[in-house]
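Chains, contacts and geometry: an overview
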Amino acid sequence: MRVSISTAVLKWIAVFSMALDHSAKILGPVLGIDLALLEHPGRWAFPLFSFCLVQGWMHIHDRKRYMTRLLWLAVGSQLPFALTFQPGVSASFHIDLSFVSMALAGCALLFYLLGRNMGLSFWAALFSAALLPALRWTQNGVILLAPPLNVAYTLSLGLGLLYLWEQRRPLAILAAFWGCLCYGLEADYGYCLSGILLILLLRAVYTSPRHSGLLILLWSLALYGIGQGQWLYGLSGALAGLFVYFHDGSRGRYPAAFFYGFYPSHLLFLKILAQWL
C-alpha cells in the first residue's frame, strides 16, 4: 500500500517542526535544559514550506495576491523575530540612509519592470518590506528589526525571482541581483543564498515529488553536512525529502489564515513565555 501525503499534511508537519525548533532555542536556555535534540526535526520546516510554496505558486490563480500576502508576512514578522532572537530593549533609533537609497532604487527598477498592474497593496507591501531593514533600532550595539531578516524574506525573494524569471526581460537579472545582494544574504537561510536556491530548484522539478524529495535530501546534506559540518542536522533535514517523496499532488484542506499568522504569533508567545519563566 502506497503512502500518500497531501500539501495540507506537509504544512502541518512543517509548522510542528518549526515550533519544536524555536521552542528548543528559546526555552532551552531559560529552563537550563539542553533541548538540542528538538532542533533536529526543526530542519524539516524550511524545505517543506519551500516545497508547499512552489506548489502553491504553480497552481494558484492570483499570483499577485499570493506574493502580496507573503510580503506582508515578512513585514509583520520582523519585529517579533528580532525581539525573540535578539536580546535587550531598544534605546536608540536611526535610519540607514544608504540602505534607503538602495531600497528605493531597487523598487523603482521593479516598478519599471512590473508596472502598475500589480496593484496598490502589492507595492505598499514591497516598499514596506524593502525599507524596513533600513530602520536601525539598537541597544548596546545590538540591532533590532534588521538584520538578520526573518525567513519570510527568503520565501518572498524566492517567489520574486521566479516571477522575474518568467518575465524574460534582461533588466530582471539586475533586479534579481539587487534583491539577493541587499536582502538574501541577510535573511534566514541566507547562507550562500541556499534557501533561495532551493526554491528555484524546486520550481524546476515541481511536477515530480520524487525528484523534489531527492533534491531536498541532497540540499540538506550539502547545506548542513558539507557546508557547516553538522551531519546530524543534514541527515535530519533529509527526512523532509522523504515526506515530499510521498506527496500525492493533492492540496487537502487547511486554514490558510492560521499558517500566515502562526509564524509571528508563536514567536511572540515563546518570547513572553521565556520572560515569564
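Since we're looking at a predicted model, the values are computed, not measured. (Residues numbered from 1 in each chain as written. Predicted model: local features only at pLDDT ≥ 70, side-chain atom pairs only at ≥ 80, totals over all residues. Heavy atoms only, no water.)

**A look at the overall build of the protein**
Rules: Put simply, DSSP marks the helices as runs of H or I at least four residues long and the strands as runs of E at least two long, and each gets a number from the N terminus on. For every residue, the accessible area (1.4 Å probe, protein chains only) is compared with the maximum for its type, and the residue is labelled buried under 20%, exposed over 50%, or partly exposed between those bounds. What makes two residues a contact is simply this: any of their non-hydrogen atoms within 4.5 Å. Accessible surface is estimated by sampling points in the Shrake-Rupley manner with a 1.4 Å probe; for residues, cover comes only from the protein chains shown.
A count of helical and extended segments in the protein gives 11 helices and three strands. Here the protein holds 277 residues, and 48% of them are scored as buried. Counting only contacts in the protein whose residues sit at least 6 apart along the sequence, the fraction spanning at least 24 positions is 79%. Of the accessible surface of the protein, which amounts to about 13700 Å², a share of 69% is contributed by carbon and sulfur atoms.

**So, helix 9 (residues 209–227)**
A turn of α-helix holds 3.6 residues, and therefore any two residues three or four places apart point the same way. This is how it is decided: Given a helix with a known number of residues, its expected span is that number minus one, times 1.5 Å.
Over its 19 residues, helix 9 extends 25 Å from the first C-alpha to the last, a length consistent with the 27 Å expected when each residue adds 1.5 Å. Among the residues of helix 9, those classed as buried are S212, G213, L215, I216, W219, S220, L223, Y224 and G225. Buried positions along helix 9 lie against helix 2 (45–59), helix 8 (194–204) and helix 10 (231–245). Within two residues after helix 9, G229 carries a phi angle of roughly 70°, on the positive side.

**Topic: the confidence of the model for the protein**
Inclusion rule: A residue's pLDDT is the predictor's confidence in that residue, given on a scale from 0 to 100.
Confidence in the prediction of the protein, expressed as mean pLDDT, is 83, and 87% of residues score 70 or more. No element of the protein has a lower mean pLDDT than strand 3 (residues 142–144), at 53, and none a higher one than helix 2, at 94.

**Thoughts on empty space enclosed by the protein**
Heads up, the rule is: Definitions used throughout: a 1 Å grid over protein atoms alone; a cavity as a set of points that fits a 1.4 Å probe which cannot get out; a pocket as an open set with protein on both sides within 12 Å along at least five of seven lines; a lining residue as one with an atom within 4 Å of a point. Grid points are joined across faces, edges and corners, and a volume is the space filled by probe spheres set on the points.
If you walk through the whole model with that rule in mind, you get one cavity of 30 Å³ or more. Reported here for the largest cavity is a volume of approximately 360 Å³. Looking at the largest cavity, it is lined by 23 residues, and the ones nearest its centre are L110, L126, S156, L157 and G160. Among the secondary structure elements, those contributing two or more residues to the lining of the largest cavity are helix 3 (63–85), helix 4 (97–114), helix 5 (120–131), helix 6 (151–167) and helix 7 (170–182). Ranked by the residues each element gives to the lining of the largest cavity, the list is headed by helix 6, at eight residues.

**Section: the packing of aromatic side chains**
This is how the line gets drawn: Note on ring pairs: Phe, Tyr and Trp rings are taken, using the six-membered ring of Trp, and paired if centres are within 6.5 Å. Classes follow the plane angle, with under 30 degrees stacked, over 60 edge-to-face and the rest tilted. Lysine and arginine charges are scored as sitting over a ring when NZ or CZ, respectively, is within 6 Å of the ring centre and within 35 degrees of the ring normal.
Here the structure, examined in full by the defined rule, presents 16 aromatic pairs. The interplanar angle of 75° and the centroid separation of 5.2 Å between the aromatic rings of F122 and W123 together place this pair among those described as edge-to-face. The class of F122 is buried, set by a relative accessible area of 5%. Aromatic side chains W219 and Y224 sit 6.4 Å apart centroid to centroid with 80° between the ring planes, which places their arrangement in the edge-to-face category. Each member of the aromatic cluster is reached from another via a ring pair, and the members are W12, Y254, F258, F259 and F262. The ring of F259 has K11 sitting right over it, with the charged end atom 5.7 Å from the ring centre. Just above the ring of Y233 sits the side chain of R43; from NZ or CZ to the centre is 5.0 Å.

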